[in-house]
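Reading the structure
Here's the letter readout for the chains.
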Amino acid sequence: TVSSGINAEYGGDVGTFGTSVMVTNDMMERMNEKQFHGMIHCGDISYANKFNHSRPDKAEQKVWDTWGQMVEPLGSKLGYMVVPGNHELDIYDSTHENGTIYSKRFIMPGNERYFSFGVGMVYFVAVSTDESIDANSTQGAWFKNVLTEANENREQYPWLVVYQHRPIYNSNKNHGNWTGEYDPAYHTGWPDHFEELTLEGKVDLVLAGHVHHYERSWPVKNREDVVQSYDNVDRPIHITCGHAGKNLYRYKWRTNNTENSYADEVPRFSAARDNENWGHCELDFLDSKTVIHRMYLMGTDTPKEDVTITKRSMAHSLSASVALVLIGLASLL
């Protein structure tokens with residue numbers, strides 16, 4: 001039996017800046033208007049790592065305390081689910097956080113870096129983009145098993161949502177698409193094996209942060225295979241909501257603010273993008289086939305984006321698979 005509707009707010013790259021406070025206040029205002037079941041934070045939480053340029057040495061705990069006080073009105077009223085970003089788990093650079101403070105500040109399921117949980121008709125899977133996810137890695141084997149088990153329970157959880165920090169689909173020149181390039185020994189399996197598993201596992205949505213902008217993809221697979229419609233969707237939609245407080249990526253790095261971070265030509269996979277405004281996102285799962293994605297700009301109470309997504313039913317996919325098997329058997333006779 002499929003449960004009734006599920007609603008969640010989400011975003012990433014928040015921090016304790018003036019804009020962080022304003023976006024958080026916007027989310028609290030939305031809570032006063034509507035009941036939400038949870039908040040999904042896609043990494044880079046407080047920006048308290050001690051060598052973060054503007055942060056003095058040994059400032060971590062004070063910054064974490066400030067962030068906690070800022071989000072307490074949210075976190076005390078709904079499930080506040082996080083996943084580590086590079087500013088919490090930057091294992092390729094010893095001058096950054098190694099996950100210790102993150103693990104003390106949050107109590108998440110599993111090993112707290114990658115885990116899964118169900119809420120109503122939605123099954124959420126959090127993955128750590130600063131760790132390997134290839135077939136031989138611990139996270140990769142776990143991810144494959146979790147998706148397999150989730151698909152055995154699609155009647156209970158028709159929606160399968162992955163959330164993480166670094167996006168694999170990104171048209172902003174800063175950061176680009178996550179490929180594990182910083183230290184391949186620690187980041188194997190990105191993005192190819194990860195995307196292969198999301199396709200095999202029939203993942204519906206992939207939520208991310210890291211890039212300080214907003215971007216929503218069309219249904220896409222293998223980079224170039226794009227369907228520019230949200231009706232009868234049969235592949236993942238990737239949404240980056242990394243504009244929830246930290247400075248925006250309006251300009252390409254090291255150009256003295258003279259070159260826009262977007263190329264003039266928009267990639268075919270990109271349905272919408274914004275590098276000029278802060279904001280937050282919401283998901284409203286109405287039933288087993290329909291979800292509404294909304295994006296609010298900071299300081300506004302009307303969504304800039306209000307997109308209805310309908311997915312292809314699992315029964316349709318199963319019927320197609322059975323038909324292919326029967327065709328194959330017939331050819332052998």
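Residues numbered from 1 in each chain as written. Predicted model: local features only at pLDDT ≥ 70, side-chain atom pairs only at ≥ 80, totals over all residues. Heavy atoms only, no water.

If you walk across this open sheet you meet the six strands as β3-β2-β1-β13-β14-β15, and the pairing is mixed. Lying at the two open borders of the sheet, with one neighbouring strand each, are β3 (79-82) and β15 (305-310). Mean inter-strand twist for the sheet, computed between neighbouring axes without regard to direction, equals 20 degrees. With four bridges joining them, strand β1 (residues 6-11) and strand β2 (residues 38-41) adopt parallel strand pairing. The residue of β2 that forms the bridge with Glu9 is Met39. Here helix α1 (residues 18-33) sits on the sheet and contacts β1, β2, β13 (279-285) and β14 (290-297); the angle it forms with β13, its principal contact strand, is near 30 degrees. (Pairing = 2+ DSSP bridges. Helix = DSSP H or I, 4+ residues; strand = E, 2+ residues; numbered from the N terminus. Axes fitted to C-alpha atoms, helices over the stretch in contact; angles between N-to-C directions. Contact = heavy atoms within 4.5 Å.)

What follows concerns empty space enclosed by the protein. A probe matching the size of a water molecule, rolled over the atoms, marks out where space remains unfilled. For the coordinates displayed, the defined rule picks out two cavities of 30 Å³ or more. There is about 30 Å³ of room inside the second largest cavity. Taken together, Gln164, Pro167, Ile168, Tyr169, Val206, Ala208, His238, Ile239 and Thr240 make up the lining of the second largest cavity. Broken down by secondary-structure element, the contributors of at least two residues to the lining of the second largest cavity are β7 (205-208) and β11 (237-241). The biggest single contributor to the lining of the second largest cavity is β11, with three residues. For the lining of the second largest cavity, the per-class residue count stands at six nonpolar, three polar and no charged. (1 Å grid on protein atoms, 1.4 Å probe; cavity = no way out; pocket = protein on both sides within 12 Å on 5 of 7 lines; lining within 4 Å. Points joined across faces, edges and corners; volume = space filled by probe spheres on them. Nonpolar A, V, L, I, M, F, W, Y, C, P; charged D, E, K, R; others polar.)

A cis geometry characterises the amide bond from Trp190 onward to Pro191, with omega recorded as -5 degrees. Checked against the element boundaries, Pro191 lands in the loop between β6 (159-163) and α5 (192-200). The backbone of Asp44 sits at a positive phi, close to 50 degrees, despite the residue not being glycine. Within the element layout of this structure, Asp44 appears in the loop between β2 and α2 (60-75).

The subject of this paragraph is the sheet that holds strand β4 (residues 115-119). Backbone hydrogen bonds are what pair the strands of a sheet, in a parallel or an antiparallel way. Pairing is mixed across the open sheet formed by seven strands, whose spatial order is β4-β5-β6-β7-β11-β8-β12. The sheet is open, and its two borders are formed by β4 and β12 (270-274), each paired with just one other strand. In this sheet, neighbouring strand axes are inclined to one another by 15 degrees on average, regardless of whether the strands run parallel or antiparallel. Of the pairings in the sheet, the one linking β6 to β7 comprises three bridges and is parallel in character. The residue of β7 that forms the bridge with Val161 is Leu205. Strands β4, β5 (122-126) and β6 of the sheet are contacted by helix α4 (residues 138-151), whose axis makes an angle of about 180 degrees with β5.

Along α2, the sharpest kink reaches roughly 35 degrees, centred on Gln69 and followed within four residues by the proline Pro73. Those residues of α2 not exposed but buried are Glu60, Val63, Trp64, Trp67, Met70, Val71 and Leu74. Its buried side turned inward, α2 meets β1, α1, β2, β3 and α3 (100-105). (Bend = angle between axes of the 7 residues up to and from the residue. Buried < 20%, exposed > 50% of the residue type's maximum accessible area, 1.4 Å probe, protein only.)

Let us look at the packing of aromatic side chains. The geometry of two aromatic rings is summed up by the distance between their centres and the angle between their planes. Scanning the model with the defined rule gives 19 aromatic pairs in all. Ring centres 5.3 Å apart and planes at 20 degrees place the aromatic pair Phe117 and Phe124 in the stacked group. The class for Phe117 is buried, based on a relative accessible area of 14%. Among the residues examined, Phe124 registers a relative accessible area of 4% and is labelled buried. On the numbers, 5.2 Å between centres and 70 degrees between planes, the contact of Tyr169 with Phe269 is edge-to-face. Note that Tyr169 is positioned in the loop between β6 and α5 and Phe269 in the loop between β11 and β12, a separation of 100 residues in sequence. Exposure class is identical for Tyr169 and Phe269. Each is buried. An aromatic cluster is present here, built from Trp64, Trp67, Tyr80, Tyr102 and Phe106 joined pairwise through their rings. Directly above the aromatic system of Tyr47 lies the positively charged group of Lys246, at a separation of 5.1 Å from the ring centroid. (Phe/Tyr/Trp six-rings, centres within 6.5 Å; stacked < 30°, edge-to-face > 60°. Lys NZ or Arg CZ within 6 Å of the ring centre and 35° of its normal.)

Moving on: the packing of α4 against α5. Across the interface, α4 lies against α5 with an axial gap of 10 Å and an inter-helix angle of 10 degrees. Here α5 runs roughly parallel to α4, going by the angle between their axes. In this structure, the crossing between α4 and α5 has a hand that is right-handed. Contact residues: α4 offers Gly140, Phe143, Lys144 and Leu147, while α5 offers Phe194, Leu197, Thr198 and Glu200. Its residues placed into classes, the contact of α4 with α5 shows four nonpolar, two polar and two charged. (Parallel < 35°, antiparallel > 145°, perpendicular 65-115°, else oblique. Left-handed = near helix turned anticlockwise from the far one by under 90°.)

You can see His280 is positioned in strand β13. Since its relative accessible area comes to 2%, His280 is described here as buried. Polar side-chain contacts of His280 include one of 3.2 Å to the side chain of Glu282. Dropping the residues within four chain positions of it, His280 is found in contact with Glu9, Tyr10, Val23, Asp26, Met27, Arg30, Cys241, His243, Arg294, Met295 and Tyr296. (Polar contact = N/O pair within 3.5 Å; in protein donor to acceptor, adjacent residues only side chain to side chain.)

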